[in-house]
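# Commentary on secondary and tertiary structure
One-letter residues, chain by chain:
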Amino acid sequence: MSSEPLNGLGLPIYNPDLGEDKAVPLIRLQKGTFVLETEATDLLKQISAPIIFLCVCGKYRTGKSYLLNKILLNTTKGFAVGSTINACTKGLWLWKRPFKYVNEDKEELVVIVVDTEGLGAIDEDENHDTKIVLLGLLLSSLMIYNSMGSIDENALNSLSLVVNISKTLQASNCSAKGEDDDFAKNFPSFFWILRDFSLQLKDAQGNPITSKQYLENALALQKGGSEAIENKNKVRRLLKHFFSDRDCATLVRPTEDEGDLQNLIQMPEHKLRKEFADQVAMLREKIRKKMKVKIVNGKRINGPMLADLCATYTEAVNKGKVPSIDDAWSNMCKSQCEEALSEVQVMFEQGIKEKIYAKLPLTKKNIKENFEKLKEEAMNYFKGKIINRLSTEEELALTKLLAKLKKEAKTAIANTAKELCESYFETVSHTHLTLPT
């Protein structure tokens, strides 16, 4: 049996040498401007595997951080938790210890866990909340929405911020009809967790239903043609449109003792209600099944690519613009191309040293053959590294780089060959001109 430490979802640490057990800011507000923090992005840039970005959001003081710490991370010292009315988390915070998840195809993926600032905090306005939700929506592959109680009109209205942002993003990113569905594919899965849930899960006829069926029933369009009914149905339509992959889970109140609730993070599990503990176990299993890789424009996103997305979206939000997924994609492709060119240069230069310099003297034919092999290897490596189909511009950049490196190498080889010849002739001359004594 493995002795690896596991988080609340039963996932082991991705790489023990990467990161540490603490929450660090990914994007936070400083003097009215969102700042992308290098400590978090430096971590992301070291992850070459596809990323599962798990993001938790919801109103402040609804137990988001407890959900993350105890249920997801299985720790008492994780994201900030407080018992006051002040929001603890500001901006988006990342758990600096990535986890490993092996999917059904035996592929190793990396899970990143992120907490967001609570919505509706007394020291922030709706514009600030909009930006937080916007960044969470664009970056995550699984968004967990945490709220208290049952799903009623108030609960649905609390989601209006999320769905209205989704609609704004759609309007900004879709210029033609028929693009709506493709755009919605970039959205995360949506998982609604209802805390302190006290209702029985039954339909109108009294038949038992699942929590997912409860969600779907709550999202059913109401009958009527009044403006009030239409406004209620608007949120329902948008939520179903943008989050086609959605689910729900319910959790009863963990304890009836008000004092224990104020310090819930330190409570041992055996002191919590058994029904709550059982529901937590089922919730963890549900989340594991809902996890999926972050995808943009049909391509799976790894750590460096996610860091690029963070930079592009943060810059757009700071400029007061609605982030464009196409712009983010273009910037990400450009960044990955530049990185691939740098790696190709290192690989090509190292290949010249090993296959040509180290084997001199060589015939012109051998040198030419080695150059052709190195060029082919470089082209294949470059094509494998870029995330989009090789464009004419990218191919031209690679061709120019290889031509430049080849020209420099030829000059160096000629100089080296000249030095070898001079050294050889000097040795021969010295041997023939030295008379025996």
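Quick look at the structure, then. (Residues numbered from 1 in each chain as written. Predicted model: local features only at pLDDT ≥ 70, side-chain atom pairs only at ≥ 80, totals over all residues. Heavy atoms only, no water.)

This part is about the environment of valine 296. Within the secondary structure, valine 296 is located in strand 10 (residues 295-296). Valine 296 sits in the buried class, given a relative accessible area of 2%. In the structure, valine 296 is positioned 32 residues away from alanine 328 in sequence and 9.4 Å away in space, judged by C-alpha atoms. When neighbours within four sequence positions are excluded, valine 296 is seen to be in contact with Asn186, Ile301, Leu309, Ile325 and Trp329. (Helix = DSSP H or I, 4+ residues; strand = E, 2+ residues; numbered from the N terminus. Buried < 20%, exposed > 50% of the residue type's maximum accessible area, 1.4 Å probe, protein only. Contact = heavy atoms within 4.5 Å.)

This next bit is on the nonpolar core. Most often, soluble globular proteins keep nonpolar side chains buried together rather than apart. Residues Leu139, Trp192 and Leu309 are the most contacted members of the largest nonpolar core, which totals 69 residues. Once you skip the residues sitting within four places of it in the chain, leucine 139 turns out to touch Ile27, Phe53, Leu92, Lys294, Leu306, Leu309, Cys310 and Tyr313. The next biggest cluster of nonpolar side chains, apart from the first, holds 37 residues, and it includes Ala23, Leu67, Phe79 and Leu283. (Core = buried A, V, L, I, M, F, W, Y, C linked by side-chain atoms within 4.5 Å.)

The next subject is the packing of aromatic side chains. For any two aromatic rings, the description comes down to two numbers: the centre-to-centre distance and the angle of the planes. Scanning the model with the defined rule gives eight aromatic pairs in all. Seen in terms of ring centroids, phenylalanine 187 and phenylalanine 243 are 5.9 Å apart; in terms of plane orientation they differ by 75°. Their pairing is edge-to-face. Of the two residues, phenylalanine 187 sits in the loop between helix 6 (180-184) and strand 8 (189-195) while phenylalanine 243 sits in the loop between helix 8 (227-242) and strand 9 (246-250), which places them 56 residues apart along the sequence. A single burial state applies to phenylalanine 187 and to phenylalanine 243, both of which are buried. These aromatic residues form a ring-pair network of at least three members: Tyr145, Phe187, Phe190, Trp192, Phe242 and Phe243. (Phe/Tyr/Trp six-rings, centres within 6.5 Å; stacked < 30°, edge-to-face > 60°.)

A few words now on the packing of helix 2 (residues 64-73) against helix 10 (residues 274-290). In the contact formed by helix 2 and helix 10, the axes pass within 10 Å of each other and the chain directions differ by 80°. When the axis of helix 2 is compared with that of helix 10, the two are roughly perpendicular. Contacts between helix 2 and helix 10 involve Tyr66, Leu67, Lys70, Ile71 and Leu72 from the former and Phe276, Val280, Leu283, Arg284 and Ile287 from the latter. Of the residues in the contact of helix 2 with helix 10, the class split is eight nonpolar, no polar and two charged. (Axes fitted to C-alpha atoms, helices over the stretch in contact; angles between N-to-C directions. Parallel < 35°, antiparallel > 145°, perpendicular 65-115°, else oblique. Nonpolar A, V, L, I, M, F, W, Y, C, P; charged D, E, K, R; others polar.)

Glancing now at the packing of helix 12 (residues 325-355) against helix 13 (residues 364-385). Two quantities define a packed helix pair, namely the angle between the axes and the distance from one axis to the other. Packing of helix 12 against helix 13 leaves a shortest axis separation of 10 Å and a crossing angle of 155°. By the angle between their directions, the pair helix 12 and helix 13 is classed as roughly antiparallel. Considering the relative orientation of helix 12 and helix 13, their crossing is right-handed. Contacts from Cys337, Glu339, Ala340, Leu341, Glu343, Val344, Met347, Phe348, Gly351, Ile352 and Lys355 of helix 12 reach helix 13 at Asn370, Phe371, Leu374, Lys375, Glu377, Ala378, Tyr381, Phe382 and Lys385. (Left-handed = near helix turned anticlockwise from the far one by under 90°.)

This model, assessed by the stated rule, comprises 21 salt bridges. Across the pair arginine 253 and aspartate 196 runs a salt bridge, and its minimum N-O distance is 3.3 Å. Of this pair, arginine 253 sits in the loop between strand 9 and helix 9 (258-262) while aspartate 196 sits in the loop between strand 8 and helix 7 (211-218), and the two are 57 residues apart along the sequence. For glutamate 408, the salt bridge goes to lysine 404, with nearest N and O atoms at 3.1 Å. In this pair, glutamate 408 and lysine 404 are both assigned in helix 14 (residues 392-433), four residues apart and thus about one turn of the helix distant. Take glutamate 408: its relative accessible area is 41%, and that puts it in the partly exposed class. (Salt bridge = Lys/Arg side-chain N within 4 Å of Asp/Glu carboxyl O.)

Looking now at helix 7. Residues of helix 7 that are buried include every one of Ser211, Tyr214, Leu215 and Ala218, and no others. Down the axis, helix 7 shows its buried residues gathered within 100° of arc, on one side only. The secondary structure elements touched by the buried residues of helix 7 are helix 4 (153-158), strand 8, helix 8, strand 9 and helix 10. (Arc of directions from axis to C-beta.)

Here we take up the environment of alanine 316. The topology assignment puts alanine 316 in helix 11 (residues 303-318). Look at alanine 316 and you get buried, because its relative accessible area is 14%. Residues alanine 316 and aspartate 327 lie eleven residues apart in sequence; the distance between their C-alpha atoms is 9.8 Å. Once residues within four sequence positions are removed from consideration, alanine 316 is found in contact with Lys321 and Pro323.

The phi torsion at asparagine 74 lies on the positive side, around 60°, for a residue other than glycine. Relative to the helices and strands, asparagine 74 is located in the loop between helix 2 and strand 4 (92-95). With a relative accessible area of 43%, asparagine 74 lands in the partly exposed category. Despite not being glycine, lysine 106 shows a phi value in the positive range, around 65°. Examined against the element boundaries, lysine 106 turns out to sit in the loop between strand 5 (99-102) and strand 6 (108-116). Lysine 106 sits in the exposed class, given a relative accessible area of 70%.

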